[in-house]
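# Architecture and fold: a report
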Amino acid sequence: MSRIAMAHMGGGTITARFAGRLGDFDLDAGFEVPARGVTALFGPSGCGKTSLLRCIAGLQRLGTGYCAVDGEVWQDDKSFRPTHQRPLGYVFQEASLFPHLSVRRNLTYGVDKAGIPQDGIGFDTVTRLLRLSALLDRSPHNLSGGERQRVAIGRALLSQPKLLLMDEPLSALDRATKDEILPFLEDLHDSLSLPVIYVSHDIAEVERLADHLVLMEKGRVRAAGPLEELQSDPTLPLAANRDAAIILNAVVQGHDAHYGLLSLSVEGQLFIIPAPPLPPGTHRRLRIAAGDVSLARERPSLSSIANIVAVKVISAIKVGEAEMLTVLSLRRDGTGPRLLARVTRRSWDQLGLTEGAEIHAQVKSVALAPG
């Protein structure tokens, strides 16, 4: 997989801690995540996601604040860099383009004089990834909502940021336009080694884009860590949700043209799904819902369910009166990727399941994440 702008990628972290009062709202939130990939700030509307993002950008200053990106301190008790001195790009909910400038001039606004450094993100790269080449001479008035947002993202990238902040960039778009623009965001994720903090209250967006997750609730950070870890934590709302699912990172192994089946490997476990062919070695995300996983003591000899994998029971908690939410490991040593399964308490007892049991999971439905 090609990587562009390697100078932006560090082995460090993004650390943010802010506390203070915003009108009637108290924000007291902090997190530390790797300075790579996409980190989603996720939670219900009004939980403080945008306020925290604005603090990172320096647009909001509270009584207590600390922000450091890959070893570079932007703010602490003694110093405060204003927004224009922080090497960041900011994409708002609404694309704020200059109506009197062409797409080309919007993209290069503020870049013309400074120029693009040799190790920076180039104009041709941005227009190719966001497919803007055919739009360069158009006026913003003649663009669709999705096209305007792609231009806004391109302008933010051409500012040569060390960090890209995106505040619900798809929230003003209808579902069809969201589905149109999400693949562009996935391409950026795969092609640019630029850390992104992405605000969203849409779990589908998070599942498609995020590597790390900051789960927010009432102005506080409830939990922060890799997406799959927070998805599989039974003490957190994501796992307890009726639509709970796990995202697994898979590698394409091959394609059966006769049956139209794609085979993908996750930590040596094979999953087979109906899908068009993809080149072997391609990395894709799989989505497996907890409600689509059933459990068996022994591997079924004959079954219409194609995906049957060996797993180990890590933990289980009672959900309501009738169900058990079970966390499973795809490795028999208990490490590695997780699955979730919702089974009835009756089935749990009849199977004699306990933590540490080595069993089989029958996965009734595996979805290849779009992209």
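### Brief notes about the overall build of the chain
Of regular secondary structure, the chain possesses 9 helices and 20 strands. Over its C-alpha atoms the chain spans a radius of gyration of 23 Å, differing by no more than 12% from the 21 Å that the globule rule assigns to 371 residues. Along the three orthogonal principal directions, the C-alpha set of the chain runs to about 70 × 55 × 35 Å. Counting every position in the chain, which comprises 371 residues, the buried fraction comes to 50%. Restricting to contacts in the chain with at least 6 residues of sequence separation, those with at least 24 account for 65%.

### Let's talk about helix 5 (residues 175-191)
Along its 17 residues, helix 5 runs 25 Å from first to last C-alpha, staying within 8% of the 24 Å computed at 1.5 Å per residue. Residues T177, K178, I181, L182, F184, L185, E186, L188 and S191 constitute the buried set of helix 5.

### Here we look at the sheet that holds strand 4 (residues 64-69)
Strand order in the open sheet made by the 4 strands is 2-1-4-5, with antiparallel pairing throughout. For this open sheet the edge positions go to strand 2 (25-34) and strand 5 (72-75), each flanked by a neighbour on one side alone. Ignoring which end each strand starts from, the neighbouring axes of this sheet average 15 degrees apart. Bridging between strand 1 (residues 13-22) and strand 4 involves 6 bridges; their strand directions are antiparallel. Bridging from a neighbouring strand, R17 pairs with Y66 of strand 4. Together, strand 1, strand 2, strand 4 and strand 5 form the strand contacts of helix 1 (residues 49-57), whose direction differs from that of strand 2 by roughly 65 degrees.

### Observations concerning the environment of Q231
Here Q231 lies in helix 7 (residues 227-231). Along the sequence, Q231 and R338 sit 107 residues apart, while their C-alpha atoms lie 9.0 Å from each other. Separated by 3.3 Å, the side chain of Q231 and the backbone oxygen of A245 make a polar contact.

### Regarding the pattern of salt bridges
For the coordinates displayed, the defined rule picks out 18 salt bridges. Residue R342 is joined to E323 by a salt bridge in which the shortest nitrogen-to-oxygen separation is 2.8 Å. In this pair, R342 sits in strand 18 (residues 338-344) while E323 sits in strand 17 (residues 323-329), placing the two residues 19 residues apart along the sequence. In this structure, R342 and E323 share a single accessibility class: buried.

### Digging into the sheet that holds strand 19 (residues 358-363)
Strand order in the open sheet formed by 5 strands is 15-19-16-17-18, and the pairing between neighbours is antiparallel. Each having just a single partner strand, strand 15 (293-296) and strand 18 make up the two edges of the open sheet. Averaged over all adjacent pairs, the angle separating strand axes in this sheet is 45 degrees, with direction ignored. As paired elements, strand 17 and strand 18 share 7 bridges and run antiparallel to each other. Bridge pairing links T326 to A341 in strand 18.

### Some remarks on the packing of aromatic side chains
A full pass over the atoms with the stated rule returns 2 aromatic pairs. With 4.3 Å between their ring centres and 25 degrees between their planes, Y90 and F92 make a pair best called stacked. The class of F92 is partly exposed, set by a relative accessible area of 38%. Between F98 and Y109 the ring centres are 4.5 Å apart and the planes differ by 45 degrees, which places this aromatic pair in the tilted class. One end of the pair, F98, is in the loop between strand 6 (88-91) and helix 2 (103-108); the other, Y109, is in the loop between helix 2 and helix 3 (123-129), with 11 residues separating them in the sequence. A residue is classified by how much of its surface remains accessible, and F98, at 28% relative accessible area, is partly exposed. When the ring centre of F184 is taken as reference, the NZ or CZ atom of R150 above it lies at 4.4 Å.

### Points about the side chain of T15
Secondary-structure assignment places T15 in strand 1. Separated by 2.9 Å, the side chains of T15 and E32 make a polar contact. Once residues within four sequence positions are removed from consideration, T15 is found in contact with F31, E32, Y66, C67 and A68.

### Notes on the nonpolar core
Counting 37 residues, the largest nonpolar core has L248, F271, L286, L295, L328 and L339 as its most contacted members. Ignoring anything within four residues of it in the chain, the contact list for L328 reads V293, L295, V311, K312, V313, I314, P337, R338, L339, A341, I359 and A361. In terms of nonpolar packing, the next biggest core, distinct from the first, is built from 35 residues, L97, L132, L182 and L209 among them.

### A look at the state of the cysteines
Under the definition given, this model contains 0 disulfides. Cysteine C47 shares no disulfide, and the gap to the nearest cysteine sulfur, in C55, comes to 13 Å. Not engaged in a disulfide, the cysteine C67 finds its nearest cysteine sulfur in C55; these two sulfurs lie 9.4 Å apart.

### Examining the packing of helix 4 (residues 145-158) against helix 5
It is the contact of helix 4 with helix 5, at a shortest axis distance of 10 Å, that shows an interaxial angle of 20 degrees. Considering their axes alone, helix 4 and helix 5 lie roughly parallel with respect to each other. Read as a crossing pair, helix 4 and helix 5 show a hand that is right-handed. Where helix 4 abuts helix 5, its residues G146, Q149, R150, I153 and L157 lie against T177, E180, I181, F184, L185 and L188. The residue inventory of the contact of helix 4 with helix 5, partitioned by class, reads 6 nonpolar, 3 polar and 2 charged.

### Regarding the confidence of the model for the chain
In the predicted model, the chain carries a mean pLDDT of 90, and the fraction of residues at 70 or more is 94%. Note that pLDDT drops below 50 for residues 1-10; the model gives that stretch 28 contacts with residues more than four away or on any other chain.

Cut-offs applied
The residue count restarts for each chain, going from 1 along the sequence in the order it is written. With the structure being a predicted model, the display of local features is reserved for residues of pLDDT at least 70 and the display and counting of side-chain atom pairs for 80 or more, all residues being used for whole-chain, interface and lining totals. Note: side-chain values were computed over all heavy atoms of the structure, leaving out hydrogens and water. Segments assigned H or I by DSSP are reported as helices when at least four residues long, segments assigned E as strands when at least two residues long, and all are numbered from the N terminus. Put simply, the radius of gyration uses C-alpha atoms, and a globule should come to 2.2 Å times the residue count raised to 0.38. Classification of residues uses two cut-offs on accessible area relative to the type maximum, computed with a 1.4 Å probe and protein chains only: under 20% is buried, over 50% is exposed, and between them is partly exposed. Contacts were defined at the residue level, with two residues in contact if any of their heavy atoms lie within 4.5 Å. What a helix should span is 1.5 Å times the count of its residues minus one. Two strands are counted as paired when DSSP detects at least two bridges linking them. To get an axis, a line is fitted to the C-alpha atoms, and for a helix only the part in contact is used. The angle between two axes follows their N-to-C directions and goes from 0 to 180 degrees. Each polar contact in these results corresponds to two N or O atoms within 3.5 Å; when the atoms are within protein, one needs to be able to donate a hydrogen and the other to accept it, and residues that are neighboring in sequence are counted only if both atoms are side-chain atoms. Criterion for a salt bridge: a side-chain nitrogen of Lys or Arg within 4 Å of a carboxyl oxygen of Asp or Glu. Any two of the Phe, Tyr and Trp rings considered here, Trp counted by its six-membered ring, make a pair once their centres fall within 6.5 Å; the pair's planes then place it as stacked at under 30 degrees, edge-to-face at over 60, or tilted in between. Working rule: Lys NZ or Arg CZ, within 6 Å of ring centre, within 35 degrees of ring normal, means a charge sits over the ring. The criterion is simple. A nonpolar core is a set of buried Ala, Val, Leu, Ile, Met, Phe, Trp, Tyr and Cys residues joined through side-chain atoms within 4.5 Å. To count as a disulfide, a pair of cysteine sulfur atoms needs to be within 2.5 Å. Working definition: roughly parallel below 35 degrees, roughly antiparallel above 145 degrees, roughly perpendicular at 65 to 115 degrees, and oblique for all remaining angles. In this scheme the crossing of two helices becomes right-handed for a clockwise turn of the near helix relative to the far one and left-handed for an anticlockwise turn of less than a right angle. All amino acids are sorted into three groups, where Ala, Val, Leu, Ile, Met, Phe, Trp, Tyr, Cys and Pro are nonpolar, Asp, Glu, Lys and Arg are charged, and the leftover types, Gly among them, are polar. Values of pLDDT, the confidence the predictor places in each residue, fall between 0 and 100.

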